[in-house]
Amino acid sequence: MASSVQKLCTICHDDGISNSAVTWCTDCEFFFCGECDKTHSKSHLSKHHKTMSAEDYQKLPTFMKEISSQCRDHKKKYELYCSFHACPCCVQCVTDKHTKCQDMKPLSDILQQVKSSASVQLFEKDLKNVKENLDTAIKYMKTRTSTIKDQKTKAVKEIKYMRKSINDYLDKLEQDLLDDLESKHSKLKSNMATLLQQMEQQASQIDLMQSQFTKMTQYATELQMYIGLREIEKTTSETAKYIERLESGDNFSERNLEVNISSALQTILQDVKSFGDININTTASTLKVKAGRKDQAQHLVPNVPGIEQIKPSLLTKLTIPKDMKSLSIIASFILPDGKFIILDQKKYQLLLFSNDGIFIRKIVTFKDTPRVACFVRNNTVAVTLGPTNQTALVDIEKNTVIQTIKLSHNCYGVASNGQTLVISECNSKCTTVNLNDMSHTILRGMGAVFHISIFQGNIYGKNYKESKVCCYKITGESLWTFEHQDIATSRGLTLDKNGFIYIASLENNSIVVISPDGKTSKTILSEANGIKHPWAIDINRETGMMIASTYSDDNNNTAFIYKI
């Protein structure tokens, strides 16, 4: 929507007069009122300048209004175009930043007939296709969101059904055991009650004879006494024998009720650690979008330089403090702000250096052996801790480990694109970690990869023991494999902004570049350039700077900074 703010004549406004603008000069980048426009159009210096109405200028998109024909750094008019960096340049820019750029063209040649070129229609079609693809992708993601919601509902039902089934089964087993307990208790109680009744009858008879014995001795005749004693003797004898029979048998054995809980049930409390597992299984997408155009406009989209154009030039090297000369650098990378970080395996420490390569401070020391490190996002870097199956996330501003990611496999290679963290095992297994919700997805069958990198949705991997470099989809599916004798015992892998893959080849004392399609390669730095035992490599894709961790000529571990 066009802005409704009225523009004032630039010349009049500078003189304190508020006259409404009627035209905009694309060369002067000034607004002119009617009178000033007449003067401007008659001037010898500006009569050939192109102008447009102020009303039409207001219809331009905001980002186009911010585009200037003058260099912001040097305040000079753009006159040249650097094809390598795909940017307009003023004369001063060429001296400051493009002295080694060979493909410089007049900007007027690049802009000639740009509006009438076929590229305009092609880009209009591209916008339409991209919008349709986005709409399709949004619809697809909404469908997927609905699908996983249904999957969650189904999973909840399965979990609850299993819980109910287990509860019902345990209730039945419990009731069976309680019924058995009641049956055995009743039988035991009945037997004991019968025996007790018999003994109580015997005791009653003896009690009666005891109570009558005194009267018998006082009032009975001699005959009655004799016969009575005989009767008492007989009764006591029979009762004694009755007690002996009870004692000789098992009538007085202590029958105790005991419960033995099934050992299978008891092991549930020890062996069953979870109700189940929730896995995110990744499969190929069913989304179908329109293919992008391959024959992009020659001038509007910068040409990707060929592999033969990649020629690094040494800028500087890190200044290692004298008391740190025995460093063992196994990883190094460049932060977005241009600072450098190295990982020292000898003292398990992460070290920070300035843009000029000067040591700033130690960030953190690890308890376990670190393997590889990479920048994640914001102020966070990731460091893998090998056989401990852990990867540490470090806040480099706070100098502390803020989170530890625990995986089911060893952690060696690590790479991030700011949304996803990829951690490789080195033996055909990788795990992707969603940095937003920290969910894990295991990618199997990727081959043995130690050094990895992410670029434009693909994963690039390299096993340091082989001369192969592999490219995979983010889901783990193989795209291509490149093998060449120039790559031997590699110790690092990274990509530049154009998708070229850079390999630190330790055994060959070289840096090798592979084309984005994985078909060609070239050695760009070798022992002749001072490269000796390169251990790590990284590229800041915004500044185009490369850092290779190597042994220098004096055999002290350091890192060199190159411009590519």
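Residues numbered from 1 in each chain as written. Predicted model: local features only at pLDDT ≥ 70, side-chain atom pairs only at ≥ 80, totals over all residues. Heavy atoms only, no water.

Right, let's get into the packing of aromatic side chains. Counted under the stated rule, the structure contains 6 aromatic pairs. With centroids separated by 5.0 Å and ring planes inclined at 85°, the aromatic side chains of Phe31 and Tyr57 adopt a geometry described as edge-to-face. In this pair, Phe31 is assigned in strand E2 (residues 30–32) and Tyr57 in helix H3 (residues 54–58), connecting sequence segments 26 residues apart. A residue is classified by how much of its surface remains accessible, and Phe31, at 9% relative accessible area, is buried. Note on Tyr57: relative accessible area 8%, which makes it buried. Taken together, the aromatic side chains of Trp24, Phe31 and Tyr57 make up a single cluster linked through ring pairs. (Phe/Tyr/Trp six-rings, centres within 6.5 Å; stacked < 30°, edge-to-face > 60°. Helix = DSSP H or I, 4+ residues; strand = E, 2+ residues; numbered from the N terminus. Buried < 20%, exposed > 50% of the residue type's maximum accessible area, 1.4 Å probe, protein only.)

Attention now moves to the pattern of salt bridges. Per the counting criterion, the structure on display carries 10 salt bridges. For Asp73, the salt bridge is made with Lys97, and the minimal N-O distance between the two is 3.2 Å. Here Asp73 is found in the loop between helix H4 (62–65) and strand E4 (80–82), whereas its partner Lys97 is found in helix H5 (residues 91–97), with 24 residues between them in sequence. Classification of Lys97 as partly exposed rests on a relative accessible area of 44%. The closest approach of N and O atoms between Asp176 and Lys172, which form a salt bridge, is 3.1 Å. Pair noted here: Asp176 and Lys172 are both in helix H7 (residues 118–219), with a separation of 4 residues, about one helical turn. (Salt bridge = Lys/Arg side-chain N within 4 Å of Asp/Glu carboxyl O.)

Attention now goes to the sheet that holds strand E24 (residues 490–495). Ordered in space as E24-E25-E26-E27, the 4 strands form an open sheet in which the pairing is antiparallel. A strand with exactly one partner marks an edge of an open sheet, and here the two such strands are E24 and strand E27 (521–525). If you compare each strand with its neighbour and ignore which way they point, the axes differ by 25° on average. Pairing between E24 and strand E25 (residues 501–505): 5 bridges, direction antiparallel. Bridged to Thr494 within E25 is Tyr502. (Pairing = 2+ DSSP bridges. Axes fitted to C-alpha atoms, helices over the stretch in contact; angles between N-to-C directions.)

Membership of the largest hydrophobic core comes to 18 residues, with the highest contact counts inside it found for Ile341, Leu350 and Phe366. Among the secondary structure elements, those contributing two or more residues to this core are strand E8 (329–334), strand E9 (340–344), strand E10 (349–353), strand E11 (359–365), strand E13 (380–384) and strand E14 (390–395). Top element by residues in this core is E8. It accounts for 3 residues. The contact partners of Leu350, leaving out residues within four places of it in the chain, are Ile341, Ile342, Leu343, Lys362, Ile363, Val364, Phe366, Val381, Val383 and Val394. Counting 16 residues, the second largest nonpolar core, distinct from the first, contains Ala382, Val414, Ile423 and Val433. (Core = buried A, V, L, I, M, F, W, Y, C linked by side-chain atoms within 4.5 Å. Contact = heavy atoms within 4.5 Å.)

Below, the discussion takes up the confidence of the model for the protein. Averaged over all residues, the pLDDT of the protein is 85; the fraction at 70 or higher stands at 93%. Long-range and interchain partners of residues 295–299, a stretch whose pLDDT sits below 50, account for 8 contacts in this model, where long-range means more than four residues apart. (pLDDT = per-residue confidence, 0-100.)

Here Gln419 is to be found in the loop between strand E16 (414–416) and strand E17 (420–424). Among the residues examined, Gln419 registers a relative accessible area of 44% and is labelled partly exposed. In contact with Gln419, other than residues within four places in its own chain, are Arg377, Val433, Asn434, Leu435 and Asn436. Side chain to side chain, Gln419 and Asn436 meet in a polar contact 3.2 Å long. (Polar contact = N/O pair within 3.5 Å; in protein donor to acceptor, adjacent residues only side chain to side chain.)

Pairing is antiparallel in the open sheet, where 4 strands are placed in the order E12-E13-E14-E15. The open sheet is flanked by strand E12 (373–377) and strand E15 (400–406), the only strands paired with a single partner. Across this sheet, the average inter-strand angle for adjacent strands is 30°, counted without regard to direction.

This brings us to unusual backbone geometry. Phi is positive for Met438, close to 60°, though the residue is something other than glycine. By secondary structure assignment, the location of Met438 is in the loop between strand E18 (429–434) and strand E19 (440–444). A positive phi angle, close to 50°, is found at Gln456, a residue other than glycine. Relative to the assigned elements, Gln456 resides in the loop between strand E20 (451–455) and strand E21 (458–462). In this structure Gln456 comes out as exposed when scored by relative accessible area, which is 69%.

For E10 and E11, the ladder comprises 5 bridges, and the chain directions are antiparallel. The residue of E11 that forms the bridge with Gln349 is Thr365. If you look at the hairpin formed by E10 and E11, you'll find 5 residues sitting between the two strands, and Gly357 has a positive phi there, around 85°.

Next up on the list: the environment of Phe63. With respect to the helices, strands and loops of the structure, Phe63 is situated in helix H4. When its relative accessible area of 53% is taken as the criterion, Phe63 is described as exposed. In this structure the C-alpha to C-alpha distance between Phe63 and Lys406, which are 343 residues apart in sequence, comes to 45 Å.

This paragraph deals with the environment of His409. Locating His409 in the fold gives a position in the loop between E15 and E16. In this structure, the C-alpha to C-alpha distance between His409 and Pro387, residues 22 residues apart in sequence, is 7.9 Å. A distance of 2.7 Å separates the side chain of His409 from the side chain of Thr431, its partner in a polar contact.

Bringing the pairing of E13 into the picture now. The buried fraction of E13 amounts to 5 of the 5 residues, a majority that puts the element mostly inside the structure. Of the two faces of E13, the one carrying Thr380, Ala382 and Thr384 and the one carrying Val381 and Val383 are both buried. One ladder, built from 4 bridges, connects E12 with E13; its direction is antiparallel. Looking across to E13, one finds that Cys374 is bridged to Ala382. Sheet topology note: the E13/E14 ladder contains 5 bridges and is antiparallel. Paired with Ala382 across the bridge in E14 is Leu393. In this antiparallel pair of consecutive strands, E13 and E14, the connection spans 5 residues, and Gly386 shows a positive phi of 50°.

In the structure shown here, the tally under the stated rule is 0 disulfides. Sulfur of Cys33: no disulfide; nearest cysteine sulfur belongs to Cys36 and is 3.6 Å away. Not part of a disulfide, Cys411 finds its nearest cysteine sulfur in Cys430, a span of 10 Å. Classification of Cys411 by relative accessible area gives buried; the value is 0%. (Disulfide = S-S within 2.5 Å.)

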